[in-house]
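Close look at the chain arrangement
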Amino acid sequence: MSILAINEQLLRAIGVGIAVVRASDLGFVFYNGPFIEWFGTPTEGQTLLDVFPDLDQRELEDVKQSGLRYSVEMQIKPKRRTLVFAMSVSLANGSEEQLLVVEYQNITRIRELESMIDSYSTMVERNTRELEREKERVERLLLNLMPRAVYEEFKTFGVVTPQLYDQVSVVMLDFVGFTDFAAKTDPTVTLSELNDIFTAFDRIVEQFGCERIKTIGDAYLAVSGMPDATPDHATAVAHCAVRFLRYLERRNESHPHKWQARIGLGMGPAVGSVVGIQKYVYDVFGPAVNIASRLQVFANPMNIVAPEDMKYALIDEFQVSELGRVDIKGMGEMDLINVTSGLSMPQPRSVF
């Protein structure tokens, strides 16, 4: 590097500390303002190694001999703050003797920015994971409130279009004597019992490809044939009803609290949609729901009642007996049947 090149480099060295030392004894020939600001003014007779004792003398000798650049990172702590510098030493041929040009670049800010970027990246990754977990939690919650097909429509469009289903079947279960039981029993026990029973019902409903719509106190409502059409929707809800009662019978054998239920089945058209704006609830209403709700009142404890319209859909797999014609408030007279399990229990439909 010529003297002219050194001068050009010094002119460009705004914000860069520059020192020029003799190659023979490392004594200072020149140092600029940033150098003085960072390291102080060298006293007379001080050498580069006096100011920076941690420099590798052998590397400096290699620079003198080979002309290759020597680069190293160093730290100083002039006050409370630690400063990081990138130092490089290169050989320059002066007019009379060899000189070493020493450059100091303050990379503290760069390191701080790198650290901030790393910290920010870590924070973003953590927040992303938390958002994903929250998204999964919300999705699970919404899937508990509505069928998956309805949830996918809601997620894509933000609304759910009400759908009329021409033929669905509904199962409605209500416990006998629940009001007295709830009034005399600790609420924690009551909720624990309902949670245990309804969880078992949910598994049964899933096994037979039905959809639990909601629970209202001690009432449990599930449907088959919506949102996806199912040709055997009537037998699906009947299988669920039979399994509900069988589960309660077995549970009563080993639990102190004995539960009995009435079950009504209904078949016909129904409308399904999300109701509400802030508190989303997927609800089903229509003739099929009304029939199931009304008929469970006419069932004896641990019995299943259905309209005669369902007889021919169920007769091949269930024992069906006539109950006669009854007058149902708001619906007129209707012929009813009692449904019980067949000779063999059906295999549940695969949920996969």
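Right above here is the structure, for reference.
Reading the values: the criteria
Residues numbered from 1 in each chain as written. Predicted model: local features only at pLDDT ≥ 70, side-chain atom pairs only at ≥ 80, totals over all residues. Heavy atoms only, no water. Helix = DSSP H or I, 4+ residues; strand = E, 2+ residues; numbered from the N terminus. Contact = heavy atoms within 4.5 Å. Areas by Shrake-Rupley, 256 points an atom, 1.4 Å probe, with all protein chains shown as cover. Axes fitted to C-alpha atoms, helices over the stretch in contact; angles between N-to-C directions. Left-handed = near helix turned anticlockwise from the far one by under 90°. Patch = residues over 30% accessible without salt bridge, like charges linked within 9 Å, V, L, I, M, F, W, Y side chains within 5 Å. Salt bridge = Lys/Arg side-chain N within 4 Å of Asp/Glu carboxyl O. Buried < 20%, exposed > 50% of the residue type's maximum accessible area, 1.4 Å probe, protein only. Pairing = 2+ DSSP bridges. Polar contact = N/O pair within 3.5 Å; in protein donor to acceptor, adjacent residues only side chain to side chain. Phe/Tyr/Trp six-rings, centres within 6.5 Å; stacked < 30°, edge-to-face > 60°. Disulfide = S-S within 2.5 Å. Arc of directions from axis to C-beta. Core = buried A, V, L, I, M, F, W, Y, C linked by side-chain atoms within 4.5 Å.

**Focus on the overall build of the protein**
The helix and strand inventory of the protein stands at 11 helices and 13 strands. Pairs at least 24 apart in sequence give 60% of the contacts found in the protein among residues at least 6 apart. Total accessible area computed for the protein in this model is approximately 20400 Å², and 51% of it derives from carbon and sulfur atoms.

**Structural notes on the packing of helix 8 (residues 187-207) against helix 9 (residues 233-254)**
The relative placement of two packed helices is expressed as an angle between their axes plus a distance between the axes. It is at 10 Å that the axes of helix 8 and helix 9 come closest, and there the two elements cross at 140°. Relative to helix 9, helix 8 is oriented so that their crossing is right-handed. Contacts between helix 8 and helix 9 pair Glu-193, Asp-196, Ile-197, Ala-200, Phe-201, Ile-204, Val-205 and Gln-207 from the former with Cys-240, Arg-243, Phe-244, Tyr-247, Leu-248 and Arg-251 from the latter.

**Let's talk about a nonpolar patch on the surface**
On the surface, a cluster of nonpolar side chains totalling about 290 Å² of accessible area is made up of Leu-113, Met-116 and Ile-117. Note on placement: Met-116 falls in helix 5 (residues 108-145).

**Description of the environment of Asp-174**
Mapped onto the fold, Asp-174 is located in strand 6 (residues 163-175). What makes Asp-174 partly exposed here is its relative accessible area of 21%. Ignoring anything within four residues of it in the chain, the contact list for Asp-174 reads Asp-218, Ala-219, Gln-260, Ala-261, Arg-262 and Gln-296.

**Notes on the pairing of strand 9 (residues 261-275)**
Burial within strand 9 is extensive, with 11 of its 15 residues counted as buried. Bridge analysis of strand 6 against strand 9 gives 11 bridges, and the strand direction is antiparallel. Among the inter-strand pairings, Met-172 is bridged to a residue of strand 9, identified as Gly-264. In this structure, strand 9 lies alongside strand 10 (residues 281-285), joined through 5 bridges in antiparallel fashion. By the bridge assignment, Val-275 is partnered in strand 10 with Val-281.

**Things to note about the side chain of Ser-88**
Tracing the backbone through its elements, the reader meets Ser-88 in strand 4 (residues 83-93). There is a polar contact of 2.9 Å between the side chain of Ser-88 and the side chain of Arg-69. Non-local contacts of Ser-88, meaning those with residues more than four positions away in its chain, are made with Arg-69, Tyr-70, Ser-71, Val-101, Val-102 and Glu-103.

**A look at the environment of Thr-43**
Tracing the chain through its elements places Thr-43 in the loop between helix 2 (33-39) and helix 3 (48-51). Owing to a relative accessible area of 48%, Thr-43 belongs among the partly exposed residues under this scheme. Each C-alpha atom, one on Thr-43 and one on Phe-28, is 9.3 Å from the other, the two residues being 15 residues apart in sequence.

**Some remarks on the packing of aromatic side chains**
Per the counting criterion, the structure on display carries 22 aromatic pairs. Centroid distance Phe-201 to Tyr-247: 6.1 Å. Interplanar angle 75°. Geometry classified as edge-to-face. In this pair, Phe-201 is assigned in helix 8 and Tyr-247 in helix 9, connecting sequence segments 46 residues apart. Using a relative accessible area of 0% as the deciding quantity, one classes Phe-201 as buried. Grouping aromatic residues by their ring pairs yields a cluster made of Phe-175, Phe-178, Phe-181, Phe-198, Phe-201, Tyr-220, Phe-244, Tyr-247 and Trp-259.

**Overview of the state of the cysteines**
Inspection of the entire model under this criterion finds 0 disulfides. The structure places no disulfide on Cys-210, whose sulfur is separated from the nearest cysteine sulfur, that of Cys-240, by 3.7 Å.

**Examining helix 4 (residues 57-66)**
An α-helix turns once per 3.6 residues; consequently, residues spaced three or four apart project the same way. Within the sequence span of helix 4, burial applies to Leu-60, Val-63 and Lys-64. Each buried residue of helix 4 sits inside an arc of 95° when the element is viewed along its axis, so together they form one side. Opposite the packed face of helix 4, turned more than 90 degrees from it, sit the exposed residues Arg-58 and Gln-65. Measuring from the side-chain oxygen of the N-cap residue of helix 4 to the backbone nitrogen of Arg-58 gives 3.0 Å; that N-cap residue is Asp-56.

**Focus on the nonpolar core**
Formed by 38 residues in total, the largest nonpolar core has its most connected members in Phe-175, Phe-201, Phe-244, Ile-263 and Leu-265. Of all the secondary-structure elements, those providing two or more residues to this core are strand 6, helix 7 (178-184), helix 8, strand 8 (219-224), helix 9, strand 9, strand 11 (303-307) and strand 13 (332-341). In terms of residue count, the dominant contributor to this core is helix 9 (10 residues). In this structure Phe-244 touches Val-171, Leu-173, Phe-201, Ile-204, Val-205, Tyr-220 and Ile-263, once residues within four positions along its chain are discounted. Listed in part, the 25 residues of the second largest apolar core include Leu-26, Ile-76, Met-87 and Val-89.

**Side note on the pattern of salt bridges**
Taken as a whole, this structure holds 11 salt bridges when the rule is applied. Here Arg-58 and Asp-56 are joined by a salt bridge, their closest N and O atoms 3.6 Å apart. With relative accessibility at 64%, the residue Arg-58 sits in the exposed group. Overall, Asp-56 belongs to the partly exposed group, its relative accessible area being 26%. The closest approach of N and O atoms between Arg-325 and Glu-333, which form a salt bridge, is 3.7 Å.

**Comments concerning unusual backbone geometry**
Most peptide bonds are trans, and most residues other than glycine sit at a negative phi. A cis amide bond links Met-226 to the next residue, Pro-227, at an omega of 0°. With respect to the element layout, Pro-227 can be found in the loop between strand 8 and helix 9. Positive phi values are uncommon outside glycine, yet Leu-26 reaches one of about 60°. Inspection of the secondary structure assignment puts Leu-26 in the loop between strand 1 (16-22) and strand 2 (28-31). Even without being a glycine, Met-302 presents a positive backbone phi close to 65°. Along the polypeptide, Met-302 turns up in the loop between helix 10 (287-295) and strand 11. The class for Met-302 is buried, based on a relative accessible area of 17%.

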